[in-house]
Amino acid sequence: MNSTFKTYFHVDMDAFFVSVEELFDPSLKGKAVVVGGQRDERGVVSAASYEARKFGVHSAMPLRTAAKLCPHAIFVDGHMDRYQECSKKVYAVLNRFTPKVEMASIDEAYLDMTGTERLFGPPLKAAHALHEAMKSETQLNCSIGIATSRVVAKITSDQAKPNGVLWVIPGSESGFLAPLDVRKMPGIGKVTEQRLHELGIRKIGDLAKLDDAFLQQHFGAWGAAMAAKARGEDAGGWFDAEVGEDEGPKSISHEHTFSEDTRNEADLEATLLRLSEMVGRRLREHALFARTVQLKLRYTDFSTITRAHTPDSPTQLDTEIYSEIRKLFRANWTRGRTIRLLGVTTTNFEAQEDASGQMNLLSTGTTSNQHQRWTQATAMADKLRDKFGDSSVVLGTSLKRKLRERVHENPADRKKPEQ
Amino acid sequence: MATTTSIGTDSSTAAAQGTAMEITVNKADLLRELTATQGVVERKTTIPILSNFLFEAADGKLSITATDLDLSLRTSCAAKVKKEGSCTIPARKFYDYVKLLPEGEVSIKLMENHWVQIRSGRSNTKMVGMARANFPALPAFPDSLSMQLPAQVLRTLIGKTIFAISSEESRYTLNGALMVLKAESITMVATDGHRLAHIENSKARFTGISGEMKTLVPKKAMAELNSLLQNSDVESIEFAKDDSTLFFRIGPRVLTSRQLTGQFPNYEAVLPRDNNKSVALRCEELASAIQRVAQFADERSGAIRLKLDKNELRLSSSSTDSGESEDSIEVVYDSDPMVIGFNSQYLLEFLKVANDGGVRLELKDSQSAGQLRPDDAGDEYKYRYIVMPMRI
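What you see is a predicted model, and the numbers here were worked out from it, not measured in a lab. Along each chain, residue indices are assigned from 1 in the same order as the chain's sequence is written. Whichever chain is written first becomes A and whichever ligand is written first becomes 1, with later ones labelled in order. This being a predicted model, a pLDDT of at least 70 is required before a residue's local features are given, and a value of 80 or more before pairs of side-chain atoms are given or counted; all residues contribute to the totals for chains, interfaces and linings. Computation of side-chain values: all heavy atoms of the structure, hydrogens and water removed.

**Looking at the environment of Thr-67 of chain B**
Residues and elements named next belong to chain B.
Part 1 of the reasoning: Strands are runs of DSSP state E lasting at least two residues, helices are runs of H or I lasting at least four, and both sets are numbered from the N terminus onward. With respect to the element layout, Thr-67 can be found in strand 3 (residues 61–67).
Part 2 of the reasoning: A residue is classified by how much of its surface remains accessible, and Thr-67, at 1% relative accessible area, is buried.
Part 3 of the reasoning: Expressed as a C-alpha distance, the spacing of Thr-67 and Phe-135, which sit 68 residues apart in the sequence, is 9.1 Å.
Part 4 of the reasoning: For the purposes of these results, a polar contact is taken to be a pair of N or O atoms within 3.5 Å, where, inside protein, one atom must be able to donate a hydrogen and its partner to accept one; residues adjacent in sequence count only when each atom of the pair is a side-chain atom. A distance of 3.3 Å separates the side chain of Thr-67 from the backbone oxygen of Leu-71, its partner in a polar contact. Whether a residue is buried, partly exposed or exposed follows from its accessible area with a 1.4 Å probe, protein chains only, as a fraction of its type maximum: under 20%, in between, or over 50%, in that order.

**A closer look at the packing of aromatic side chains**
Part 1 of the reasoning: Whether two aromatic rings pair depends on their centres lying within 6.5 Å, for rings of Phe, Tyr and Trp, where Trp uses its six-membered ring; planes under 30 degrees apart make the pair stacked, over 60 edge-to-face, and the rest tilted. Evaluated as defined, the whole model comprises 13 aromatic pairs over all chains.
Part 2 of the reasoning: Chaining the aromatic ring pairs together yields one cluster made of Phe-163, Phe-350, Tyr-383 and Tyr-385 of chain B.
Part 3 of the reasoning: Distance and angle both matter: a charge sits over a ring if NZ of Lys or CZ of Arg is within 6 Å of the ring centre and within 35 degrees of the ring normal. Across the ring face of Phe-24 of chain A, the terminal group of Arg-82 of chain A is positioned such that the distance to the ring centre comes to 3.9 Å.

**Quick look at the sheet that holds strand 6 (residues 108–112) of chain A**
Residue and element names in this part refer to chain A.
Part 1 of the reasoning: Pairing is mixed across the open sheet formed by 5 strands, whose spatial order is 5-6-1-7-8. A single partner strand is all that each edge strand has here, and the edge strands are strand 5 (101–105) and strand 8 (165–167). Averaged over all neighbouring strand pairs, the angle between strand axes comes to 15°, with direction disregarded.
Part 2 of the reasoning: Judged from the 6 bridges that link them, strand 1 (residues 8–13) and strand 7 (residues 142–147) form a sheet pairing that is antiparallel. Within strand 7, the residue paired with Asp-12 across the bridge is Ser-143.
Part 3 of the reasoning: The contact definition used throughout considers only heavy atoms, calling two residues in contact when any of these lie within 4.5 Å. Interaxial angle, 0 to 180 degrees, is taken between N-to-C directions of lines fitted to C-alpha atoms, where a helix line uses only the stretch in contact. Relative to the sheet, helix 6 (residues 123–138) contacts strand 1, strand 6, strand 7 and strand 8, its axis offset from that of strand 7 by approximately 160°. A pair of strands counts as paired when DSSP detects no fewer than two bridges linking them.

**A few points about the nonpolar core**
Part 1 of the reasoning: Ranked by internal contacts, the top residues of the largest apolar core, which has 101 residues, are Phe-53, Phe-55, Phe-94, Ile-108, Leu-181 and Leu-315 of chain B.
Part 2 of the reasoning: Here the element with the most residues in this core is helix 6 (residues 283–294) of chain B; it accounts for 6 residues.
Part 3 of the reasoning: In this description, a nonpolar core means a group of buried Ala, Val, Leu, Ile, Met, Phe, Trp, Tyr and Cys residues linked to one another through side-chain atoms lying within 4.5 Å. Counting 34 residues, the second-largest nonpolar core is a separate cluster that includes Val-18, Leu-28, Leu-94 and Leu-111 of chain A.

**Topic: the interface of chain B and chain A**
Part 1 of the reasoning: Residue-level contacts link 26 residues of chain B with 21 residues of chain A.
Part 2 of the reasoning: Throughout, the accessible surface (probe 1.4 Å) given up by two parts as they are put together, summed over both, is called the buried area. Between chain B and chain A, a total of about 2,100 Å² is buried, with carbon and sulfur atoms accounting for 53% of that surface.
Part 3 of the reasoning: The three residues of chain B that bury the most area against chain A are Glu-168, Arg-300 and Arg-391 of chain B, which together make up 28% of that side's buried surface.
Part 4 of the reasoning: Here, a salt bridge means any Lys or Arg side-chain nitrogen found within 4 Å of an Asp or Glu carboxyl oxygen. The interface formed by chain B and chain A includes 0 salt bridges.
Part 5 of the reasoning: The interface formed by chain B and chain A holds 5 residue pairs in polar contact (both at pLDDT 80 or more) in total.

**A closer look at the environment of Leu-28 of chain A**
Residues and elements named next belong to chain A.
Part 1 of the reasoning: Relative to the assigned elements, Leu-28 resides in the loop between helix 1 (16–24) and strand 2 (33–35).
Part 2 of the reasoning: Along the chain, Leu-28 and Val-18 lie 10 residues apart, while their C-alpha atoms are 8.6 Å from each other.
Part 3 of the reasoning: Beyond its immediate chain neighbours, meaning those up to four positions away, Leu-28 contacts Glu-21, Glu-22, Val-33, Ile-74 and Val-76.

**Structural notes on the pairing of strand 9 (residues 147–150) of chain B**
Residue and element names in this part refer to chain B.
Part 1 of the reasoning: Judged by which residues are buried, strand 9 turns out to be one-sided: Met-147 and Leu-149 face inward and are buried, whereas Gln-148 and Pro-150, on the alternate face, are not.
Part 2 of the reasoning: Both strand 9 and strand 14 (residues 236–241) contribute to a ladder of 4 bridges, which runs antiparallel. By the bridge assignment for strand 14, Met-147 is matched with Phe-239.

**Comments concerning the packing of helix 2 (residues 27–36) of chain B against helix 3 (residues 91–100) of chain B**
Residue and element names in this part refer to chain B.
Part 1 of the reasoning: Running from N to C, helix 2 and helix 3 cross one another at 140°; their axes reach a closest spacing of 10 Å. The chirality of how helix 2 crosses helix 3 is left-handed. Counted together, Lys-27, Leu-30, Leu-31, Leu-34 and Thr-35 of helix 2 and Phe-94, Tyr-95, Val-98 and Lys-99 of helix 3 form the full contact between these two elements.
Part 2 of the reasoning: Only Asp, Glu, Lys and Arg are considered charged in this grouping, and only Ala, Val, Leu, Ile, Met, Phe, Trp, Tyr, Cys and Pro are considered nonpolar; every other residue, Gly among them, is considered polar. Residue composition of the contact of helix 2 with helix 3, grouped by class: 6 nonpolar, 1 polar and 2 charged. Throughout, a crossing is termed right-handed when the near helix is turned clockwise from the far one, and left-handed when it is turned anticlockwise from it by less than a right angle.

**Observations concerning the pairing of strand 5 of chain A**
Residues and elements named next belong to chain A.
Part 1 of the reasoning: In this structure, strand 5 lies alongside strand 6, joined through 4 bridges in antiparallel fashion. When the bridges of strand 6 are listed, Glu-102 appears paired with Tyr-110.
Part 2 of the reasoning: The turn joining strand 5 and strand 6, which pair antiparallel and follow one another in sequence, is formed by 2 residues.

Right, here's the structure in full:
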C-alpha cells in the first residue's frame, strides 16, 4: 500500500497581490492594504493584506464596504501585469521541482510530487527546499500543504498559512479533516454550508460519517463527490483530472462593471468591442476557436440576462466575436435602461477553425476574403501586443473605453459552482 | 398654463379617436386573417408597439396590419363599420381570445385611453392597446411599377431553394435568395456557402422587363410568402419594389419586406462544368440509404462517405459514439472508382424537396463540388443542387 501513495503539494502564495505591491513599495509592509482600486470607487476588492483581513475585509467585497470596515487601510490600484510577471516566476520555481505543475489560478498551484523522493528527499524536506527557493528567487512567501490527495493538500495549505509547511501523514487524513468546519472544504460555499447546517452537519467529520446515499439524495451527484472529499479523496469537477493533465479552459470571458451606470449606446458598444478584443486575444493565446458567443447584461436594478448564439463556424477573431455580441446586444437591450455590467463569454471550443471538414463553395467570396484579411491583421496586431503590451493595438471604436483589467486573487469561495 | 393646454389637446384627440372606431365583423373572417399574420407579429420584441396589431376601419372593411419592421403584412376582412377609425391591440392576446369565441359576430369598439372593447354573444372583454400614432408607418404599394408573377411557379421556386439559405446572420447577403427575372424566365438561387440550390423556369413570360431584374428576397419573406401562397388560391401575385422595400400582393393581402442590400455572390462561377462521373439514382432509395447511414455519422458534422465503384454506390459512416454503418445501391457505373464525403443533412434536405423519381449525381473528384439534378418529367423547370464535399 505505502508505495502506491500519491504525494501532492498545494502551493499557495500568501496575500499574493499585496505582497507583490509591497515589493514595489516597501512602505506598505505590515500595514492594512487593500488592492483593487481607491476607497470611493465602484469596484471590488481584489486582495487584502492580513492586517486588513483582521477587520473583515476580503476579496470580492465592494471597495466602499472595505473602506467602512477598515477606514485606515491604504487603497492601491491593482497591477495585473506585475502579478502575471511574478506568477511566471513562481511557476518557474515550481517547475524545477516537478514537471507536473497545475496552476489553479494566478497564485496557487498543485504539484504532483509522487516519485521525487530520490531527487528531493522525503516530502517535508522537498517542501522546505521549495519554500526556501521561492523566498530567495521571488521574495514572496508561500504556504505549502502536503497530502495524498489534492483536496486534502489544498485544505492543508490553508491550515499552514501564513508562510508555513504542513504535511498530513498518509493514513491520518480523516483524523485531520474531522474537526474542520465543512466550509473549509473546496467547493462548499455559503449556500451548501447553510444546507448542511440545516441537516445538522457542521464539521467535515460529520460529513464523513454519513453514507453516500444520504448525501446523494440531498445533493445529487455532487453529494457523492462531497462524501468522497470528506474521506480525503479527490472527486468532483476538476479534482477528477490528473495534475498537469491540461484540459484547457472550458470558457473564456471578460466582464466590465461601469463606474457609473450608462445608457450611452456608443459607450456600451465600445465596451463590448473592448471585451470582445480581450476575449479574442485569450482565445488566440490558447489556440482555440469558440463556437458559442454569449452576452451578459446587467441593468442598474441588478436584473441580469445572458443570451448566446452559436454561429455556423467557430471563431477566434475579435471582429467576428464582436459582430455576434453586438447583434445579441441590439436585440436584447431595452433601449434607455441603464446598464451596470456587460460581459462577453465564449464557450464550446474547438482546436481548429473548420473542425467539421466541410469545404466552402464560395471560398473566393467576399465574406471569407474579409475573414482571411482579419485573420492576418489580427495575427500582426498580436505580435505588436506581445512586444509593446496589450493596449498598443486596439480596434478604433474600443478606444472610447479603456478598461482596467481586474482579476481576483484566489477567489476560491466564488470560483467553483456549488452544485 | 401651457402644460394643461397640451394635456387637454392630447386627451381631446384621444377622445376623438377614442369614440371613433366601432365595427362588427364575422368571427371566422376575422380569425382567418389574424391567423395569416401570425408569422409576422414579433413575439420577442424590445419595441412594445410591434406586438400590437393596427386596426383601421373604413369603407366596409377592417384592415389589419402587423409588422416586425423587417416584414409587414396588411390584410383585411369585411366589416360593418359603424364609426370609422383606428386603434392598436395586443396581437397575441387578441388572437388567442378570438380563437376561443363562438362563431358569430364580434364587435370591436375603441374606448378612452386606448382601451378596446370586444363583445361577442354573452362575452365582454376590454383590452388596452397603445396610441395609434406609435405604430410605424408602412410604405404604400407602388401600383404603377408592379408586375405579375405566377403563384404556382413562385411556390415551386421558393420550396426548392429556401432550405439552402444561410441562417447565419453574419453572412448578410446569403440570408435571402436571389430572384432573377428575365422576359422569358424566372430563376431563384440560394446558398449558405456550402451548398447551392438553383432552379429556373423558362415557361413563364414576363412583360415589361428588358435584360434582367435581380432581387434579393430575405428568407423570412420567402417563408411568409410560401405560407400565404399555400393558403390562397390566387393564380398570380403582384410584385413591385422600390429602393428599400419589396411588395407582394396576394389577393387581398399585402406583404412588404425590407430589401437585403449587398452583393449576392457570383454563383455562376461555382456551377460545376466538368463533373464527368455520373450515376442515375432513385431519390427515395438514395434518401433512405443516407438516412440509415447518417444515424452513425459524427453527430456534429453529419459526415458520410460515398464510394463509387463498378456498378455500385457504397455509403458508409462511423462515429466513436455510436458505431459504424454501411449501405449500398446498385448503379450503372463504369468510370474510375472514387470516394467523396458529404454532410448527410445537406443531401437529405435536397432529396426531401426533389420530386420523387430519378436523380443524377454528378461528381468530379473528392475535392470538387458535387451536383444533383432530378430528371424532370417536363421541361418546365431546370433544378440543380450543388454541394461541396467534406474532407474525410
